[in-house]
Amino acid sequence: MTSNELAGIGKPPVRIIDTTLRDGSHAVSHSFTFQQVTDISRALDDAGVPIIEVTHGDGLAGSSFNYGFSTVRDIDLVAAAAEAVTDAKIAVLLLPGLGTVKDLREAHAAGARMARVATHSTEADVSIQHFRAARDLGMETAGFLMLSHRSEPAQLAKQARIMADAGCECVYVVDSAGALLPDGVRTRVESLVQELGDDAMVGFHGHQNLSMGVANSLEAYRAGARSIDGTLRALGAGAGNTPTEVLVTVFDAMGIPTGVNVEAALAAAEEVLAPIVKRMPMMDRSSIVQGRYGVYNSFLLHAERAAERYGVPAYQILRRVGEADYVGGQEDMIIDVAIELAGQQRRAVEQNERVPA
Amino acid sequence: MDFRPRPIAAIVGPGNIGTDLLIKLQRSGALDVRYVVGVDPASDGLRRARDLGVEASAGGVDWLLEQEVLPDVVFEATSARAHEANAPRYRDAGIAAVDLTPAAVGPFVCPAVNLDDYLAAEGGTAPNINMITCGGQATIPIVASISGVTPVAYAEIVASISSRSAGPGTRANIDEFTETTSHAIQSVGGATRGKAIIILNPVEPPMVMRDTVFAAIGPDADRHAITESIHRMVAEVQQYVPGYRLKSEPQFEDPRPDWDGSGRVAVFLEVTGNGDYLPEWAGNLDIMTAAAARAGEQLALAWTLAKPAATNQKEQVVAK
């Protein structure tokens, strides 16, 4: 037994949920194929990852003009993943206002056994009907309080209470913009743990915009979070997510049991995911701006497309979107902001041209 | 000069919506709003109605139907469940109904698009029309203006509203919004397939309602004709919703393989409320009361001419 393992005796275990096939869907513009989903879920299952999330990046029914159309319908991908795994449970994400109970029933019929219901961090009460429906279907449940950085810990705990009372078994502090620093993670997780007690677990979902994914996840664990999200090679929206294979390696080094085989997780990242993905997310100017201004990470590729279409820099669009406090789902506002910026740019040029020689 | 008496109206449900509607109807003057009913004697809404000179009762629909003079039209601003129970009673009493709840007992109506189709009462039965949803009232005219010019295989709308304007009913059953609006995008808007998305944004000060319409159009669609048609429709809606406007010119995208070879037009709208009783940023609520007032006035005028004589006398109701 190594000293690390000795040091870990008695440390409470943490549950790892891999969302490469949901949050990672943003980074590949929702183009996952049957084969890719089968291969990735099998590799994660072989590594002992207990829960694998498979859905369009914006959740069930996310395939749309506003969020991008899926190459293969996500319900069919759920069925493929459920078929591919032996032990892992397949989870789906649902954003009320977009996905419905009807979509959830369909996902359940396709093999999904966990429902993760996501709302903006102040709007938990729109999720009540979906938690009830999920529990009625016999699904395990988790709740996502998105853009948690915009809510103070005490407010966030009240919202977590609404979810728990509706039947949510694990409420996540979701750092959708990768904007939280470790202090902000600790105070929020502590506040939720105190509020929920034994009624529900607390989870953490991190992003890499400010390079904090793993550090924030450790901080969340120390504060009492027992369910942590990651994606292989950080594949995900914006700058990407907490990388699963690094997360399990670090937990292993600290002697915190995850139940995940580190070697197999490293192999899944290196041998299965890497060859599939052409462009990995990175901490570039746009995504760092997202972290700094707290901009919903899924906006990144939409902003890049609007930047190209309207001839204004993506990071400027993102900064403006952040200043307006738009929330997850308002992807349409990116085009609106780009048109506005392009107009300002044009007027500025005209002004300059009018200056007499 | 028209010397016919004004049709008589009642508002059932004295909440914020009911009060805003009352102010709009009184200002217009086309209807004689005689009654406002609720079920809670302590209701602020009933007090507000009395302050505005209207007879108000907490006796509910039972009280309303006992009145010597029955209304020609009732505006239902309660809940879907309440309207489901009340609708047959209105019909049997010969009262036309404008339903602002999601019950959808009657057909979906958007004044700028299809109100005329429902003004003729069939077989002397009192009509019942449903006002769809706030997002539907804001976006379906645009979908219809596009589908009137070119086939629309698919239309998608995104409605962003301020959190403070989303009441407990909307929150408890948000699926109802997406499902009802999707259906109406097809049946009223004329798209082959419809999809609706609603977003609640808690920013302070509250954001004004925003709506985006995306429509899939053929590669050869006449962009000029579409743009003209959209502008005409916006002017039409402005007749009853003055704060309804295009945020920018319609945006056209060339066909893409991931859109099944379709092109796309995107329309960005902003709906500022009239600030009658509801705040200006609550354009989503304003467009419902404005559309209901518009539809109710025309419906009541048509129904008072069409309905069998004496249906609004109490005796006949009691005899049933």
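Small disclaimer: the values here were computed from a predicted structure and weren't measured.

Caption draft 1: Molecular detail of the overall build of chain A. In terms of regular secondary structure, chain A is built from 15 helices and eight strands. On C-alpha atoms alone, chain A measures out to a radius of gyration of 20 Å, which is about the 21 Å that the 2.2 N^0.38 rule sets for 357 residues. Based on the C-alpha atoms only, the size of chain A along its principal axes is roughly 80 × 40 × 40 Å. By residue count, 63% of the 357 residues in chain A fall in the buried class. Of the roughly 13,200 Å² of accessible surface on chain A, 50% is carried by carbon and sulfur atoms.

Caption draft 2: Quick look at the packing of aromatic side chains. Scanning all chains against the criterion turns up nine aromatic pairs over all chains. Plain terms: the ring middles of A:Phe65 and B:Tyr154 are 5.6 Å apart, the flat faces sit at 45° to each other, and that makes the pair tilted. On the criterion of chain membership, the pair formed by A:Phe65 in the loop between strand 2 (51-54) and helix 4 (74-84) and B:Tyr154 in strand 7 (residues 154-162) is interchain, its members lying in two chains. Each member of the pair, A:Phe65 as well as B:Tyr154, is classed as buried. When the ring of A:Tyr296 is compared with that of A:Phe299, the centres are 5.5 Å apart and the planes differ by 65°; the resulting orientation is edge-to-face. We classify A:Phe299 as buried; its relative accessible area is 0%. Through a chain of ring-to-ring contacts, the aromatic side chains of A:Phe65, A:Phe69, B:Tyr154, B:Phe214 and B:Trp259 assemble into a single cluster. Between A:Arg116 and the ring centre of A:Tyr172, over which it is positioned, the NZ or CZ distance is 5.1 Å. Across from the ring centre of A:Tyr221, 4.3 Å away, lies the NZ or CZ of A:Arg226, which sits over that ring.

Caption draft 3: Here's a closer look at the environment of A:Asp46. Here A:Asp46 shows up in helix 3 (residues 34-46). A sequence separation of 39 residues divides A:Asp46 from A:Val85, and the C-alpha atoms of the two residues are 8.1 Å apart.

Caption draft 4: Broad picture of the sheet that holds strand 7 (residues 201-205) of chain A. Residue and element names in this part refer to chain A. Strand order in the closed barrel formed by eight strands is 1-2-3-4-5-6-7-8, with parallel pairing between adjacent strands. Strand-to-strand twist of the sheet, defined as the mean angle between neighbouring strand axes without regard to direction, takes the value 25°. In this fold helix 3 packs onto strand 1 (15-21) and strand 2, with an angle of close to 165° to the strand it touches most, strand 1.

Caption draft 5: Inspection of the domain arrangement of chain A at higher detail. Residues and elements named next belong to chain A. Partitioning chain A into domains gives domain 1 (3-273) and domain 2 (298-354). Each of domain 1 and domain 2 has a C-alpha centre, and these two points are 30 Å apart. Listed per partner, the contact involves 12 residues of domain 1 and 12 residues of domain 2. Among the residues domain 1 hides against domain 2, the three largest losses belong to Asn66, Tyr67 and Arg150. Together they make up 45% of the total. Our enumeration of links across domain 1 and domain 2 arrives at one salt bridge. Here Arg150 makes a salt bridge to Asp325, at a shortest N to O gap of 3.9 Å. For the pair domain 1 and domain 2, the interface holds six residue pairs in polar contact (both at pLDDT 80 or more). When its residues are assigned to classes, the side of domain 1 that touches domain 2 shows four nonpolar, six polar and two charged.

Caption draft 6: Seen up close, the interface of chain A and chain B. Counting residues at the interface gives 37 residues for chain A and 37 residues for chain B. Inspection of the region where chain A meets chain B yields six salt bridges. Residue A:Glu123 is joined to B:Arg171 by a salt bridge in which the shortest nitrogen-to-oxygen separation is 2.9 Å. At the junction of chain A with chain B, the criterion picks out 21 residue pairs in polar contact (both at pLDDT 80 or more). Within the residue set of the side of chain A that touches chain B, elements represented by two or more residues are helix 5 (101-109), helix 6 (128-136), helix 13 (299-310) and helix 15 (332-354) of chain A. Ranked by residue count, the leading element in the side of chain A that touches chain B is helix 15 of chain A, at six residues. Of the residues belonging to the side of chain A that touches chain B, the class tally is 15 nonpolar, 13 polar and nine charged.

Caption draft 7: Quick look at the nonpolar core. Residues B:Phe75, B:Val98, B:Met131, B:Ile142, B:Ile146, B:Ile230 and B:Tyr244 are the most contacted members of the largest nonpolar core, which totals 78 residues. When residues of this core are assigned to their parent elements, the largest contribution, 10 residues, is made by helix 10 (residues 283-306) of chain B. Those residues in contact with B:Phe75 that sit more than four places away from it in its chain are B:Ala9, B:Ala10, B:Ile11, B:Val12, B:Leu21, B:Leu25, B:Leu31, B:Val98, B:Leu100, B:Ala292, B:Ala293 and B:Gly296. In terms of nonpolar packing, the next biggest core, distinct from the first, is built from 73 residues, A:Val37, A:Ala134, A:Tyr221 and A:Leu232 among them.

Caption draft 8: Looking closely at the sheet that holds strand 3 (residues 55-57) of chain B. Residues and elements named next belong to chain B. The sheet built from six strands is open, its strands ordered 3-2-1-4-5-6 with parallel pairing. In this open sheet, the two strands that pair with only one neighbour each are strand 3 and strand 6 (128-130). Going across the sheet, the axis of each strand differs from the next one's by a mean of 20°, ignoring polarity. As judged from the three bridges shared by strand 2 (residues 32-37) and strand 3, these two strands associate in the parallel manner. The residue bridging Tyr35 from the neighbouring strand is Glu55, located in strand 3. Here helix 4 (residues 80-92) sits on the sheet in contact with strand 1 (8-12), strand 4 (73-76), strand 5 (96-99) and strand 6, set at roughly 175° to strand 4.

Thresholds applied
- Residues numbered from 1 in each chain as written.
- Chains lettered and ligands numbered in written order.
- Predicted model: local features only at pLDDT ≥ 70, side-chain atom pairs only at ≥ 80, totals over all residues.
- Heavy atoms only, no water.
- Helix = DSSP H or I, 4+ residues; strand = E, 2+ residues; numbered from the N terminus.
- Rg over C-alpha atoms; globule rule 2.2 N^0.38 Å.
- Buried < 20%, exposed > 50% of the residue type's maximum accessible area, 1.4 Å probe, protein only.
- Areas by Shrake-Rupley, 256 points an atom, 1.4 Å probe, with all protein chains shown as cover.
- Phe/Tyr/Trp six-rings, centres within 6.5 Å; stacked < 30°, edge-to-face > 60°.
- Lys NZ or Arg CZ within 6 Å of the ring centre and 35° of its normal.
- Pairing = 2+ DSSP bridges.
- Axes fitted to C-alpha atoms, helices over the stretch in contact; angles between N-to-C directions.
- Contact = heavy atoms within 4.5 Å.
- Domains from an automatic or database assignment.
- Buried area = accessible area lost by both parts, 1.4 Å probe.
- Salt bridge = Lys/Arg side-chain N within 4 Å of Asp/Glu carboxyl O.
- Polar contact = N/O pair within 3.5 Å; in protein donor to acceptor, adjacent residues only side chain to side chain.
- Nonpolar A, V, L, I, M, F, W, Y, C, P; charged D, E, K, R; others polar.
- Core = buried A, V, L, I, M, F, W, Y, C linked by side-chain atoms within 4.5 Å.

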